[in-house]
Structures are given as structure tokens and as C-alpha cells.
Amino acid sequence: MEVGQMQRRLVDYTKSLFMEGFLDAQFLQLQQLQDESNPDFVVEVVSLFFDDSEKLLNDLTMALDQPSVDFKKVDAHVHQLKGSSSSIGAQRVKNACIAFRSFCEEQNIDATLRCLQQVKQEYYLVKNKLETMLRLEQQIVAAGGSIPMIELGF
Amino acid sequence: MAHSVLSDWIYLPAQTPPSLLLNYFSFFPLKSNQIFLISFLTFSPSKQSLLYKMLSCGAGSGGCSKDMAVELGDEPHVLAVDDNLIDRKLVERLLKNSSCKVTTAENALRALDYLGLGNDTLEGTVSEVNMIITDYCMPGMTGYELLKKIKESSVLKEVPVVIMSSENIPTRISQCLEEGAKMFMLKPLKQSDVKQLKWHLMKCRN
């Protein structure tokens, strides 16, 4: 596949992520922070997000598995995850965290367990999408092309 | 370099390097503010702040040498405090893009140590900081409590403190402003927020 085709495929793919609500405008902020002096900024932040989120999801699973659940602790973890997902523009993860927090306030075990599943699902979905997108970018760069900037008419 | 003149505005190519712009300013001093407005929008953030510094020294009125540009290159030192790793990375990049020197701290206690107000501050390690930007919600000591400690210090009370939060709670905001915070910013931070901060900071210093 030649570079022009790859670039078009990347643009279409990235646009779909915004259309489907996986990413929001904050992700564009991240892309704008990437330049010649910081060519790997997006990859670095996204990798940090993956590591951080997986740890938080593990902590959440353990916290909700206790005989007596400490909802303050659970809420603190969700607050962190909501913060990081919001900062990178992972909109659906962020929204799932917002719902999660309201059930933490109610101290509703069943609902919070469902929320955890929901957050995990959204997280793995966006992780998959972002990895695919970054792989497409890598292929373009390896073929000597440049990564096209996305213009969105919001 | 090709440019077009449209009434009082001069349009320059988006990639015009600042040094070439200075040459234009010395030829078209009356129009320098307008040129600044257009080019400001198209430059990358680090070039924008350099251009602002050059202009504020009177580059428009006909003579700003390369030497002066270097002299003006002092970068404000910002201490950024946030317990979230991704947010720390983001705020650091945003600030560096606005030509700030950045030190990060992962909680309020570490910040206090760095500022010389902590119990564990080592002799001779206190650094000068021009602004502190801190998250509100942090484990242990909150950003609000950190703000209070800073304002209680005779040495540090003049340092502008900015509070950030992901939650838009009016009572929280007014509480921080009343305690002396310079600004309250909603997360997630964007480049435009940090630009606003920088202008504020430059104003304070002058």
C-alpha cells in the first residue's frame, strides 16, 4: 500500500473514532502538542494512560471484591481514572467513570460491579482503537510519509 | 518574501520564522500590532511567546537585534503539582510549549519540600519559582491547603498560585480565590488555558 493510501486510511480511521465518541476534542490537544522536538508525545501519553488505567482497574476489581467494600477507596480510584481518561480525550471511558461515581455515592454494590464491567469494556475498546491508530501512524512514518493533521468541523 | 497587503493588515506565510518577521516590523512599524495578531494564530506556541517578548520590547519601532531576543529568553519557572501522572505530563508539556521551565511534584508535601517550606527541606536546595499551579484534589494535603501554606509564608506569599480541578464547584472556586489563588482552571487543560496563564504571569512580572 502506498503512502497516500495509508494516510487516507488513517484519516478515515481517526475521524471514525471521533464520530463514534471514543475520542473527543481533548485528544486533538494532545496531537497539537506533538511536534519535531517532541515527536513521540502522543505515544508516550497514551502508553502512560494504558499502564495507569490497567493498574487502576486491577485495584478497583480487588476493592469491589472485598467482603466489606470501602466505597471511599473505590471512588478515589474511579476519580483518578476519570481524570486521566478526560485528559487524553477518552470520552467513553470518562463517561463510564462519571456513572460509576454516582453509584459509589449510593454505595450500591450491584450497580458498581456493573459499572466496573462497563468501564473495563470501554477501556479495552479504546485501547484497541488507539493501538490500531498508532500502528497506522508508525507504518506511514516507516514508509517515509508524514502523519496528516486532522481538521474537525466541531 | 511574498506577502499581501489588505488595508491595515499584512498577511505573511504561516511558516514565517520570527527573525524574518522582525525585519518586517522594522520596515512597517505602524502595522506591527496587526501583523502580530495574524501571525500569533499560526505559529506554534513556543514561537508565539518569543514573538510576544520581541514585540513588547519595541521591536515594532525599528530595531530589535538578535542579541536582545536572546536576552529576553528568560523562562519563568513553574512548579506543577498533581497526583495524576498523565495530568502531570500534560501540564508539563503545555507549560514547556509556552517557554516555561517546569518542575513537577506528585503531591503537596513534595511541593512544600521543594519550596523550602517542608519538614524535609535540605539546606541550600530551595529553588526560585515564579508560579505554582496545583491540582485541588490530592491525597493527604489538598491544593487548597497547599495554597494556604504558601500564602502564610512571608517568603512565598507573592508567588502566584493557580488551582486546577476537574470539578466545577462554585463554592470551591470562590474559596480558592478568596484564599489568594490567582486563577482557577478547569481540567482538562488546553493550550489556550496555558496561554492565558502565561499572559497573566508576564503581566505580574512587569
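Not measured: the values here are computed from a predicted model.

1. Some points on the nonpolar core
Stage number 1. Among the nonpolar cores identified, the biggest contains 63 residues, and A:F27, A:V74, A:F100, A:L130, B:L95 and B:I133 are the most heavily contacted of them.
Stage number 2. For this core, the element with the most residues is helix α3 (residues 41-64) of chain A, which contributes 11 residues.
Stage number 3. Setting aside chain neighbours within four positions, we find A:F27 in contact with A:F18, A:V42, A:V46, A:I88, A:G89, A:L130 and A:M133.
Stage number 4. Counting residues in each nonpolar core, the second largest holds 24 residues, with B:V81, B:Y144, B:L156 and B:I173 among its members.

2. Considering the sheet that holds strand β7 (residues 183-186) of chain B
Residues and elements named next belong to chain B.
Stage number 1. Strand order in the open sheet formed by five strands is β4-β3-β5-β6-β7, and the pairing between neighbours is parallel. Bordering the open sheet on either side are β4 (101-105) and β7, each of which pairs with just one other strand. Between one strand and the next, the sheet's axes are offset by a mean angle of 20 degrees, whatever the strand orientation.
Stage number 2. Taken together, the four bridges between strand β5 (residues 131-135) and strand β6 (residues 161-165) define a ladder with parallel strand orientation. Bridge pairing in β6 links I132 to V161.
Stage number 3. Contacts from helix α6 (residues 108-115) reach β3 (77-81), β4 and β5 within the one sheet, and its direction differs from that of β3 by about 155 degrees.

3. What to know about the UniProt feature "modified residue: Phosphohistidine" (unreviewed entry) in chain A
Stage number 1. Per the UniProt annotation, the sites labelled "modified residue: Phosphohistidine" (unreviewed entry) are A:H79.
Stage number 2. With respect to the helices and strands, A:H79 occurs in helix α4 (residues 71-88).
Stage number 3. Residue A:H79 is classed as buried on the basis of its relative accessible area, which comes to 16%.
Stage number 4. Residues within four places of A:H79 in sequence aside, it is in contact with A:R101, B:C137, B:S166 and B:E167.

4. With respect to the pattern of salt bridges
Stage number 1. Following the criterion strictly, the structure yields 13 salt bridges over all chains and no others.
Stage number 2. Of the charged contacts in the structure, one is a salt bridge between A:K55 and A:D59, with a shortest N-O distance of 3.1 Å. Of this pair, A:K55 and A:D59 are both found in helix α3, four residues apart, which corresponds to roughly one turn of the helix.
Stage number 3. The shortest N-O distance in the salt bridge between B:R110 and B:E106 comes to 3.3 Å.
Stage number 4. Here the residues in one salt-bridge network are A:D75, A:R101, B:E167 and B:R172, joined through shared partners.

5. What to know about the interface of chain A and chain B
Stage number 1. Counting residues at the interface gives 21 residues for chain A and 17 residues for chain B.
Stage number 2. The contact between chain A and chain B buries some 1,700 Å² in all, and 57% of this surface belongs to carbon and sulfur atoms.
Stage number 3. There are two salt bridges connecting chain A and chain B.
Stage number 4. Linking chain A with chain B are nine residue pairs in polar contact (both at pLDDT 80 or more).
Stage number 5. Among the elements of the structure, α2 (25-32), α3 and α4 of chain A are those that each provide at least two residues to the side of chain A that touches chain B.
Stage number 6. No other element matches α4(A), which puts eight residues into the side of chain A that touches chain B.
Stage number 7. Residue classes in the side of chain A that touches chain B are distributed as seven nonpolar, nine polar and five charged.

Rules used throughout
- Residues numbered from 1 in each chain as written.
- Chains lettered and ligands numbered in written order.
- Predicted model: local features only at pLDDT ≥ 70, side-chain atom pairs only at ≥ 80, totals over all residues.
- Heavy atoms only, no water.
- Core = buried A, V, L, I, M, F, W, Y, C linked by side-chain atoms within 4.5 Å.
- Buried < 20%, exposed > 50% of the residue type's maximum accessible area, 1.4 Å probe, protein only.
- Helix = DSSP H or I, 4+ residues; strand = E, 2+ residues; numbered from the N terminus.
- Contact = heavy atoms within 4.5 Å.
- Pairing = 2+ DSSP bridges.
- Axes fitted to C-alpha atoms, helices over the stretch in contact; angles between N-to-C directions.
- UniProt positions renumbered as here; feature names shortened; annotations may be inferred.
- Salt bridge = Lys/Arg side-chain N within 4 Å of Asp/Glu carboxyl O.
- Buried area = accessible area lost by both parts, 1.4 Å probe.
- Polar contact = N/O pair within 3.5 Å; in protein donor to acceptor, adjacent residues only side chain to side chain.
- Nonpolar A, V, L, I, M, F, W, Y, C, P; charged D, E, K, R; others polar.

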